[in-house]
Amino acid sequence: MPRSRTPPAGWSAFYRVVRRIPRGRIATYGEVALLAGSPRAARQVGYALAALHGTRHRLPWQRVLGRRGPDHAAPSILDPMGAGVQRALLEREGVAFDARGRVSLERFGWRPRRLRRRPA
DNA sequence: GACATGACGTAAT
DNA sequence: TATTACGCCATGT
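Residues numbered from 1 in each chain as written. Chains lettered and ligands numbered in written order. Predicted model: local features only at pLDDT ≥ 70, side-chain atom pairs only at ≥ 80, totals over all residues. Heavy atoms only, no water.

Examining the environment of A88
Part 1 of the reasoning: When you line up the elements, A88 lands in helix α4 (residues 80-92).
Part 2 of the reasoning: Assessed through its relative accessible area of 44%, A88 is described here as partly exposed.
Part 3 of the reasoning: The spacing of A88 and Q62 is 26 residues in sequence and 9.2 Å in space, taken between C-alpha atoms. (Helix = DSSP H or I, 4+ residues; strand = E, 2+ residues; numbered from the N terminus. Buried < 20%, exposed > 50% of the residue type's maximum accessible area, 1.4 Å probe, protein only.)

Structural notes on the sheet that holds strand β4 (residues 103-104)
The strands that make up a sheet pair up through hydrogen bonds in the backbone, lying either parallel or antiparallel.
Part 1 of the reasoning: Sheet architecture is open: four strands sit in the order β1-β2-β3-β4, paired in mixed fashion. Since the sheet does not close on itself, it has two edges, and those belong to β1 (27-28) and β4, each with one partner.
Part 2 of the reasoning: Across two bridges, the pairing between strand β2 (residues 64-67) and strand β3 (residues 72-74) is antiparallel. Across the sheet, R67 pairs through a bridge with A73, a residue of β3. (Pairing = 2+ DSSP bridges.)

Some points on α4
Part 1 of the reasoning: Between its terminal C-alpha atoms α4 stretches 18 Å, which fits the 18 Å expected from 13 residues at 1.5 Å a residue.
Part 2 of the reasoning: Its buried side turned inward, α4 meets β2.
Part 3 of the reasoning: N-capping of α4 is provided by D79, with a side-chain oxygen placed 3.1 Å from the backbone N of M81.
Part 4 of the reasoning: Within two residues after α4, G94 carries a phi angle of roughly 100°, on the positive side. (Expected span 1.5 Å × (residues − 1). Contact = heavy atoms within 4.5 Å. Polar contact = N/O pair within 3.5 Å; in protein donor to acceptor, adjacent residues only side chain to side chain.)

Focus on the protein's contact with DNA strand C
Part 1 of the reasoning: Taken together, nine residues form the shell around DNA strand C, and within it G10, R40, R43, Q44 and R100 come nearest.
Part 2 of the reasoning: Counting only the atoms of DNA strand C within 4 Å of the protein, the fraction contributed by sugar and phosphate is 75%.
Part 3 of the reasoning: Contact distances for DNA strand C include 2.2 Å between a base oxygen and a side-chain N or O atom of Q44.
Part 4 of the reasoning: In this structure, a phosphate oxygen belonging to DNA strand C sits 3.0 Å away from a side-chain N or O atom of R100.
Part 5 of the reasoning: Residues belonging to the surface near DNA strand C are distributed by class as follows: four nonpolar, two polar and three charged. (Near = heavy atom within 4 Å. Nonpolar A, V, L, I, M, F, W, Y, C, P; charged D, E, K, R; others polar.)

This is the structure in structure tokens:
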């Protein structure tokens, strides 16, 4: 784990994507990685976000969730407290969780128009 | 350069 | 549906 408080340069692309996620919408780690240009670096996104603890940042980290199936996402934070905080922050911006603690990507998934991701 | 670590993702069981 | 197993890849040692 990183002992440094200053995020490595390689993570800036991830942070840049996270910053663009609008209020009331969510994205998955894989999505962020994809939009950042590293399709298979979902794990690094989580790593990068975890490094934000205790730092002064303005990233909407709560809007990044883990995939739980084709059309649902949910907090992937191990610490239940952290996950609770994330959920509270999201609900405050209008994101609804179902009975199983999942969020519908259909309803709240972020769909960026202007960045990569072309149909075929 | 090899090896370990990890807020992940997907497929298999 | 829940667990396990494995692949990925940026960082730190």
